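# Secondary and tertiary structure notes
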Amino acid sequence: MRRILGARLFAAILLAVAVPLGWLLLEYARGVAPWVSLQQHALLYSYMLLSVLALMTLLSYYRYRIERGLRKLSITDPLTGLYNRRYFLSRLNDEFLLYARQPRPVSLIFIDLDHFKLINDRYGHQSGDELLVAIARVLRTSSRSEEVVARIGGEELCVLLPNCTQDQAYTAATRFHRAIETMAALSTEGEAIAVTASVGVATTNDQISSDKLLFKAADVAMYQAKQSGRNQVVVAGLPR
Ligand SMILES: Nc1nc2c(ncn2[C@@H]2O[C@H](COP(=O)(O)OP(=O)(O)OP(=O)(O)O)[C@@H](O)[C@H]2O)c(=O)[nH]1
């Protein structure tokens, strides 16, 4: 990004110099010697140079702001403001590129809300939406800055934990699970909504050695949590 900004500033300076130069050439074509023209209109040339430079810098800045906004939109889930599935999978892939060079534990937590259909049916879709937003807020505040929290499907959320052992991931998963269970949520009518989640945790090891395998292992662990009665945390590969 810094290189792009540098290139744009360079282009702005070039154009700012080119405009008064072009004017100087026109003057020359009219028969006025360049140094005479420069002496006569020094103020005009300085003004041209500065205003073109200011205009181009301003345009570059706005373009940068727009591009940054578009990039943010392309990686964000519009409802919750969490990262979206595409961004999450690409970060997971990046983590494994690092892992190939320097193996260190990577963990993934898969969170699926329990009976979300019933919540929608009972309190309405709008309340369901607001609940998702509130859960996203809870996850964001209970996660660390290096962790990537994403909404990867309707009521499915994932957290990527770089450089995180199985024990640490289990502690984090329990923290998320508890935070969801104890959050105070209200429907649009003001009724209290109780919500729980089934959580799967997986960490890299000899068998789980790629991004796809890690994702799959956490998904399977989450499914086991559902099968075992929901509202619990299951760690991949550990007896329950
Ligand atoms: N309000 C709201 N509901 C959503 C959204 N995305 C998905 N859902 C709902 O989430 C529900 C998911 O239903 P299921 O896949 O049957 O899962 P569940 O009811 O949570 O049941 P279990 O996962 O088995 O505990 C569906 O009713 C979807 O309509 C959303 O953005 N907003």
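Residues numbered from 1 in each chain as written. Predicted model: local features only at pLDDT ≥ 70, side-chain atom pairs only at ≥ 80, totals over all residues. Heavy atoms only, no water.

### Concerning the overall build of the protein
Across its full length, the protein holds eight helices and seven strands. Expected size for 240 residues packed as a compact globule is a radius of gyration near 18 Å; at 28 Å, the protein overshoots this value by more than 25%. The principal-axis extent of the C-alpha atoms belonging to the protein is close to 90 × 50 × 20 Å. The buried share of the protein, reckoned over its 240 residues, is 40%. Within the protein, contacts between residues at least 6 apart in sequence are counted, and of these 70% link residues at least 24 apart. Approximately 14300 Å² of the protein is accessible, and the part contributed by carbon and sulfur atoms is 60%. Between the averaged position of the 27 positive side-chain charges in the protein and that of its 21 negative side-chain charges there is a distance of 8 Å. (Helix = DSSP H or I, 4+ residues; strand = E, 2+ residues; numbered from the N terminus. Rg over C-alpha atoms; globule rule 2.2 N^0.38 Å. Buried < 20%, exposed > 50% of the residue type's maximum accessible area, 1.4 Å probe, protein only. Contact = heavy atoms within 4.5 Å. Areas by Shrake-Rupley, 256 points an atom, 1.4 Å probe, with all protein chains shown as cover. Lys, Arg positive; Asp, Glu negative; His and termini not counted. Charge placed at Lys NZ, Arg CZ, Asp CG, Glu CD.)

### Details of the nonpolar core
Core analysis: the biggest nonpolar cluster contains 34 residues, and Ile109, Ile111, Leu131 and Ile135 have the highest contact counts within it. Listing elements by their share of this core, those giving two or more residues are strand E1 (107–113), helix H5 (116–123), helix H6 (125–141), strand E3 (156–161), helix H7 (166–182), strand E6 (197–203) and strand E7 (233–235). Looking at which element gives the most residues to this core, the answer is H6, with seven residues. Setting aside anything within four residues of it in sequence, one finds leucine 131 in contact with Phe116, Ile119, Met183, Ala185, Ile193 and Val195. (Core = buried A, V, L, I, M, F, W, Y, C linked by side-chain atoms within 4.5 Å.)

### Things to note about the site of the ligand
Taken together, 17 residues form the shell around the ligand, and within it Phe116, Asn120, Asp129, Arg151 and Arg230 come nearest. In the model, an oxygen atom of the ligand is placed 3.3 Å from a nitrogen or oxygen of the aspartate 112 side chain. Within the side chain of aspartate 129, one N or O atom sits 2.6 Å away from a nitrogen atom of the ligand. Alone, the ligand offers 660 Å² of accessible surface; in the complex the protein occludes 67% of this. If you list the elements that add at least two residues to the shell around the ligand, you get E1, H5 and H6. Tallying contributions element by element places H6 first for the shell around the ligand, with four residues. (Near = heavy atom within 4 Å. Polar contact = N/O pair within 3.5 Å; in protein donor to acceptor, adjacent residues only side chain to side chain.)

### Some thoughts on the sheet that holds E3
Read from one edge of the open sheet, five strands run E2-E3-E1-E6-E7, paired in mixed fashion. What marks the edges here is a single partner per strand, and that holds for strand E2 (148–153) and E7. Strand after strand, the sheet turns through a mean of 20° between neighbouring axes, direction not considered. Bridging between E1 and E6 involves seven bridges; their strand directions are antiparallel. (Pairing = 2+ DSSP bridges. Axes fitted to C-alpha atoms, helices over the stretch in contact; angles between N-to-C directions.)

### Let's talk about the UniProt feature "domain: GGDEF" (unreviewed entry) in the protein
Under the present numbering, the feature "domain: GGDEF" (unreviewed entry) in UniProt falls on residues 104–238. For residues 104–238, the helix share is 44%, the strand share is 24%, and the end-to-end C-alpha distance is 20 Å. (UniProt positions renumbered as here; feature names shortened; annotations may be inferred.)

### Some thoughts on the pattern of salt bridges
Under the defined criterion, the tally for this structure stands at eight salt bridges. Where aspartate 114 meets lysine 226, a salt bridge forms, and the shortest distance between an N and an O atom there is 2.9 Å. Placement of the pair is aspartate 114 in the loop between E1 and H5 and lysine 226 in helix H8 (residues 211–227), with a sequence separation of 112 residues. The same class applies to aspartate 114 and to lysine 226, which are both buried. The shortest N-O distance in the salt bridge between aspartate 121 and lysine 117 comes to 3.1 Å. Pair noted here: aspartate 121 and lysine 117 are both in helix H5, with a separation of four residues, about one helical turn. Look at lysine 117 and you get exposed, because its relative accessible area is 61%. Here the salt bridges do not stand alone but share partners, grouping Asp112, Asp114 and Lys226 into one network. (Salt bridge = Lys/Arg side-chain N within 4 Å of Asp/Glu carboxyl O.)

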